[in-house]
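Survey of secondary and tertiary structure
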Amino acid sequence: MSFDLDRYLADRRRAVDEALERYLPAKDAPPATVHEAMRYSVFAGGKRLRPILVIAGAEAVGGTMERVLPTACAFELIHTYSLIHDDLPAMDDDDYRRGRLTNHKVFGEAIAILAGDALLTLAFALLAEHASLEVMKEVSRAAGTFGMIGGQVADIQSEGKSVDAETLEYIHRHKTAALIRCALRSGALLAGAAPSALRAISEAGSHLGLAFQIVDDILDVEGSLEALGKTAGSDRRKKKVTYPDHFGLEASRLKAKSLIEDAKAALAPLGPRAEPIWALADFIFQRKS
Ligand code: GRG
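Conventions and cut-offs
Residues numbered from 1 in each chain as written. Predicted model: local features only at pLDDT ≥ 70, side-chain atom pairs only at ≥ 80, totals over all residues. Heavy atoms only, no water. Near = heavy atom within 4 Å. Polar contact = N/O pair within 3.5 Å; in protein donor to acceptor, adjacent residues only side chain to side chain. Areas by Shrake-Rupley, 256 points an atom, 1.4 Å probe, with all protein chains shown as cover. Helix = DSSP H or I, 4+ residues; strand = E, 2+ residues; numbered from the N terminus. Phe/Tyr/Trp six-rings, centres within 6.5 Å; stacked < 30°, edge-to-face > 60°. Buried < 20%, exposed > 50% of the residue type's maximum accessible area, 1.4 Å probe, protein only. Expected span 1.5 Å × (residues − 1). Arc of directions from axis to C-beta. Salt bridge = Lys/Arg side-chain N within 4 Å of Asp/Glu carboxyl O.

1. Focus on the site of the ligand
Taken together, 21 residues form the shell around the ligand, and within it K47, R50, H79, R98 and Q213 come nearest. Residue K47 places a side-chain N or O atom 2.5 Å away from an oxygen atom belonging to the ligand. Between an oxygen atom of the ligand and a side-chain N or O atom of R50, the distance comes to 2.8 Å. Here the ligand has 700 Å² of accessible area as a free molecule, and 92% of this is covered by the chains. If you list the elements that add at least two residues to the shell around the ligand, you get α4 (65-86), α8 (148-158), α9 (165-190) and α10 (195-222).

2. Quick notes on the packing of aromatic side chains
Tallied over the full model, the rule gives 3 aromatic pairs. Seen in terms of ring centroids, F3 and Y8 are 5.4 Å apart; in terms of plane orientation they differ by 55 degrees. Their pairing is tilted. Overall, the relative accessible area of 6% leaves Y8 in the buried class. Relative to F107, the ring of Y40 lies with its centre 5.4 Å away and its plane at 75 degrees, an arrangement referred to as edge-to-face.

3. Overview of helix α6 (residues 109-130)
With 22 residues, α6 should reach 32 Å at 1.5 Å per residue; the first-to-last C-alpha distance of 32 Å fits that figure. Among all positions of α6, only A112, A115, G116, L119, L122, A123, L126 and L127 are buried. Along the axis of α6, the buried positions cluster into a sector of 140 degrees, meaning they face one direction only. Facing away from the buried surface of α6 by more than 90 degrees, the exposed residues are A110, T121, A128 and E129.

4. Notes on the pattern of salt bridges
Side chains bearing opposite charge may pair, as long as their charged atoms lie close to each other. A complete count under the given rule lists 23 salt bridges for this structure. Here D216 makes a salt bridge to R287, at a shortest N to O gap of 3.2 Å. In this pair, D216 is assigned in helix α10 and R287 in the segment after α15 (275-286), connecting sequence segments 71 residues apart. R287 sits in the buried class, given a relative accessible area of 5%. One network of salt bridges, in which partners are shared, links D92, D155, E159, K175 and K240.

Written as structure tokens, this is what we have:
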């Protein structure tokens, strides 16, 4: 029988959502406005890809979802903080995210900034309590100036410029791929992965992370507000540097496909336990939102 990805995703999304519900402060707990703003964006219907990658990374080396669920939630909180801040007028100035008005459009800029800050802080509180020092260090690096923030800085500074392929890849690897790779690695680390298994998972994570952002660039060209939950075509309007702009749509698609195949090849030594990551690789390539 073939692997049932829809069921796998639905089960893990439910577990992640139930855990997030427990970890986030109640919306009427003071200071209520910021708690409401945090919940507004977290429960706006994201795909929960990063937490599911934490879980799949653990399962691929014999670990369990229960052990890594708080760490999985921490990744979703960091990701949601980055989306709230990315949408602010000072950055991408977007009106829609996850099919809803962006956080600052509803709560105002000050509360949106604080809600993002609070999600990041809560993520590290969860890691401190439930993960390990090693995982905390890796997440700090992946989310910080040598990872996601570094990529975001380069992205902003490259707007409207013509950059070389190396800079483009730097932006995508840091802005997006670093956290995706770290999600897989963190699950595997917490599940006690052997060094060779960790290497395989890291390599797969790098390929999947870059593929994810290239597909994101393609969807920005080909998608719609209804399908994406955010305004399509915004990369071009903001003169962002993207793979389709640099290499064309078809070459970008081929590049993403080849990265997906490389990720699957890297996973081969892990055997059937890596089947969920394998299926997630196809999902990343085929996704429409
Ligand atoms: C503000 C520090 C800081 C960083 C921002 C991640 C990021 C860097 C910006 C978000 C904007 C963007 C389009 C990023 C690239 C790809 C990406 C992260 C898309 C959104 O992720 P999905 O598709 O979203 O997993 P959902 O809503 O499904 O969780």
